[in-house]
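# Structure assessment
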Amino acid sequence: MSTLIKSMGKLVGIDGDAALGTNGYVKLQNGIIIQWGLSTNVWPERSSTITFPIPFPNTCFVVVPGTHCVTGAGSDVWTQINSFDKAQFTWFAQASGDVVNVKIAWIAIGN
């Protein structure tokens, strides 16, 4: 990490271990890890598994999905998390309308 990012991290309690990209994570000094990412395109009405950038050492508390990209006119899409563990999660996208593919942005919190 750059010196500026390390300095800012100390102000907010970042442990110094982080990957700051589209898919990344940050470790806080209290042991909490926040991870985030963006999926690849998937067809709706199918499950897909995403591996976290790093596995949580103890447990994943929660994974929150959000619809990021939808290809198709007049479409409604919603996403749900089917299951998760320390290393990965499985999500499912449902759609109405003429949907070709879906991406989700997600965030996970654990320790």
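Residues numbered from 1 in each chain as written. Predicted model: local features only at pLDDT ≥ 70, side-chain atom pairs only at ≥ 80, totals over all residues. Heavy atoms only, no water.

## Considerations on a nonpolar patch on the surface
Using the following cut-off: Put simply, a patch holds well-exposed residues, over 30% relative accessible area, that have no salt bridge, with like charges counted together within 9 Å and Val, Leu, Ile, Met, Phe, Trp or Tyr side chains within 5 Å. Note on areas: Shrake-Rupley, 1.4 Å probe, and residue coverage restricted to the protein chains presented here. By salt bridge we mean one thing: a side-chain nitrogen of Lys or Arg within 4 Å of a carboxyl oxygen of Asp or Glu. Under the DSSP-based scheme used, a helix requires at least four consecutive residues in state H or I and a strand at least two consecutive residues in state E, with every element numbered from the N terminus. Each residue is assigned to one of three classes by its accessible area relative to the maximum for its type, calculated with a 1.4 Å probe on protein chains only: buried under 20%, partly exposed between the two thresholds, exposed over 50%.
On the surface, Phe61, Val62, Val64, Ile107 and Ile109 cluster together into a nonpolar patch covering about 370 Å² of accessible area. Taken together, the elements giving at least two residues each to the nonpolar patch come down to β5 (60-71) and β8 (101-110). For the nonpolar patch, the element with the most residues is β5, which contributes three residues. Here Val64 falls in the partly exposed class, since its relative accessible area comes to 42%.

## Some details on the confidence of the model for the chain
For clarity, the threshold we go by: Think of pLDDT as the predictor's per-residue confidence, scored from 0 to 100.
Summary statistics for the chain give a mean pLDDT of 83 and a share of 79% for residues scoring 70 or more. The spread of mean pLDDT over the elements of the chain runs between helix α1 (residues 3-12), the lowest at 52, and strand β3 (residues 33-38), the highest at 96.

## A few points about the pairing of strand β6 (residues 76-84)
Remark: a regular strand shows side chains that alternate across the two faces of the sheet. For clarity, the threshold we go by: Following DSSP output, two strands are said to pair if at least two bridges run between them.
Taken together, the eight bridges between β6 and strand β7 (residues 88-96) define a ladder with antiparallel strand orientation. Within β7, the residue paired with Thr79 across the bridge is Ala93. Adjacent in sequence and paired antiparallel, β6 and β7 are bridged by three residues.

## Here's the deal with the packing of aromatic side chains
Defined as follows: Here a Phe, Tyr or Trp ring, Trp counted by its six-membered ring, pairs with any other such ring whose centre lies within 6.5 Å, and the pair is stacked when the planes are under 30 degrees apart, edge-to-face when over 60, and tilted otherwise.
Applying the stated criterion across every chain yields a total of four aromatic pairs. Plain terms: the ring middles of Phe52 and Phe56 are 5.1 Å apart, the flat faces sit at 75° to each other, and that makes the pair edge-to-face. Comparing Phe52 with Phe56 shows no difference in burial state: the two are buried. Between Phe52 and Phe89, the aromatic rings sit 5.7 Å apart at their centres with planes inclined by 35°, giving tilted as the arrangement. Linking Phe52 in the loop between β4 (47-51) and β5 with Phe89 in strand β7, this pair joins segments that are 37 residues apart in sequence. Through a chain of ring-to-ring contacts, three or more aromatic side chains come together here, namely Phe52, Phe56, Phe89 and Trp106.

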